Amino acid sequence: MNKPLKYILLIVLFGMLICIRVFENQLFYDPYLVFFQNDFLYIDSPRREIAKLLAFTTLRYALNTIISLAILLVVFRDKSIIKFSVFIYVIAFVVLLLIYSYFVVNPKQEDYYMFFNVRRFLIQPIILILLLPAFYYHKLKN
């Protein structure tokens, strides 16, 4: 792949991640968006539809994952990196969604900070931010 095409693809893919973040209120059901923007340590958990919340959180994670995997493919062009990344994303999703589900079903004020951070890993492409430099470093070492 030539460099101009690679850079255009990366700009489009990162733009898609930005659009997911910018339009999150319109695209996804998430009563915690407003909750965590306020002083959440001192207020009660918002009313929520648990199944709908988990479905939209899963959708957002899936969209971020697909775009992130495309970014990794464009940057590294290595199928073994993609296979390993898929494994990481699937394991992270299962573990994080189980923890997230517990916090959604059993909201306690003393758990809000942990809940906030688990939720952040599910709705934002933080795993991509961790994998890009890790694979780049691995590529430099080999």
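Everything numeric in this text was worked out from a predicted model, so none of it was measured. (Residues numbered from 1 in each chain as written. Predicted model: local features only at pLDDT ≥ 70, side-chain atom pairs only at ≥ 80, totals over all residues. Heavy atoms only, no water.)

Visitor: Can you tell me about the environment of Pro 4, naming the residues and giving the values?
Guide: Looking at where Pro 4 falls in the secondary structure, it is placed in helix 1 (residues 3-22). When its relative accessible area of 54% is taken as the criterion, Pro 4 is described as exposed. Along the sequence, Pro 4 and Lys 108 sit 104 residues apart, while their C-alpha atoms lie 50 Å from each other. (Helix = DSSP H or I, 4+ residues; strand = E, 2+ residues; numbered from the N terminus. Buried < 20%, exposed > 50% of the residue type's maximum accessible area, 1.4 Å probe, protein only.)

Visitor: Tell me about the packing of helix 1 against helix 4 (residues 50-76), and please be specific about residues and values.
Guide: Where helix 1 contacts helix 4, the axes come no closer than 10 Å and their chain directions differ by 165°. Taken together, the axis directions place helix 1 and helix 4 in an arrangement best described as roughly antiparallel. You can see that helix 1 and helix 4 cross each other, and the crossing is left-handed. Residues Lys 6, Leu 9, Leu 10, Leu 13, Phe 14, Met 16, Leu 17, Ile 20 and Arg 21 of helix 1 form the contact with helix 4, whose participating residues are Arg 60, Leu 63, Asn 64, Ile 67, Ala 70, Ile 71, Val 74 and Val 75. Broken down by class, the residue content of the contact of helix 1 with helix 4 amounts to 13 nonpolar, 1 polar and 3 charged. (Axes fitted to C-alpha atoms, helices over the stretch in contact; angles between N-to-C directions. Parallel < 35°, antiparallel > 145°, perpendicular 65-115°, else oblique. Left-handed = near helix turned anticlockwise from the far one by under 90°. Contact = heavy atoms within 4.5 Å. Nonpolar A, V, L, I, M, F, W, Y, C, P; charged D, E, K, R; others polar.)

Visitor: Go over unusual backbone geometry, please, and point to the residues and values.
Guide: The phi dihedral of Arg 77 falls on the positive side, at around 50°, and the residue is not glycine. With respect to the secondary-structure elements, Arg 77 resides in the loop between helix 4 and helix 5 (79-105). For Arg 77, a relative accessible area of 53% translates into the label exposed.

Visitor: How would you explain helix 5 if you had to name every residue and give the values?
Guide: Compared with the 39 Å implied by 1.5 Å per residue over 27 residues, the 38 Å span of helix 5 between its first and last C-alpha is a close match. Of all the positions in helix 5, only Ile 81, Ile 82, Ser 85, Tyr 89, Ala 92, Leu 96, Leu 97, Tyr 100, Ser 101, Phe 103 and Val 104 are classed as buried. (Expected span 1.5 Å × (residues − 1).)

Visitor: Mind laying out a nonpolar patch on the surface, listing which residues take part and the relevant values?
Guide: A cluster of nonpolar side chains, namely Phe 84, Phe 87, Ile 91, Val 95 and Ile 99, defines an oily patch on the protein surface of about 440 Å² accessible area. Mapped onto the fold, Phe 84 is located in helix 5. (Patch = residues over 30% accessible without salt bridge, like charges linked within 9 Å, V, L, I, M, F, W, Y side chains within 5 Å. Areas by Shrake-Rupley, 256 points an atom, 1.4 Å probe, with all protein chains shown as cover. Salt bridge = Lys/Arg side-chain N within 4 Å of Asp/Glu carboxyl O.)

Visitor: Can you explain helix 1? Please cite residues and give values.
Guide: Quick reminder: α-helices carry 3.6 residues per turn. Residues three or four places apart thus point the same way. Its 20 residues give helix 1 an end-to-end C-alpha distance of 28 Å, which sits within 8% of 28 Å, the value for a rise of 1.5 Å per residue. Buried within helix 1 we find Leu 10, Leu 13, Leu 17 and Ile 20. Burial along helix 1 is one-sided: seen end-on, the buried residues are contained in an arc of 80°. Exposed and oriented more than 90 degrees from the buried face of helix 1 are Pro 4, Ile 8, Ile 11, Ile 18 and Val 22. Those residues of helix 1 hidden inside the fold are in contact with helix 2 (24-27), helix 4 and helix 7 (126-141). (Arc of directions from axis to C-beta.)

Nothing here speaks to function; it is geometry throughout.
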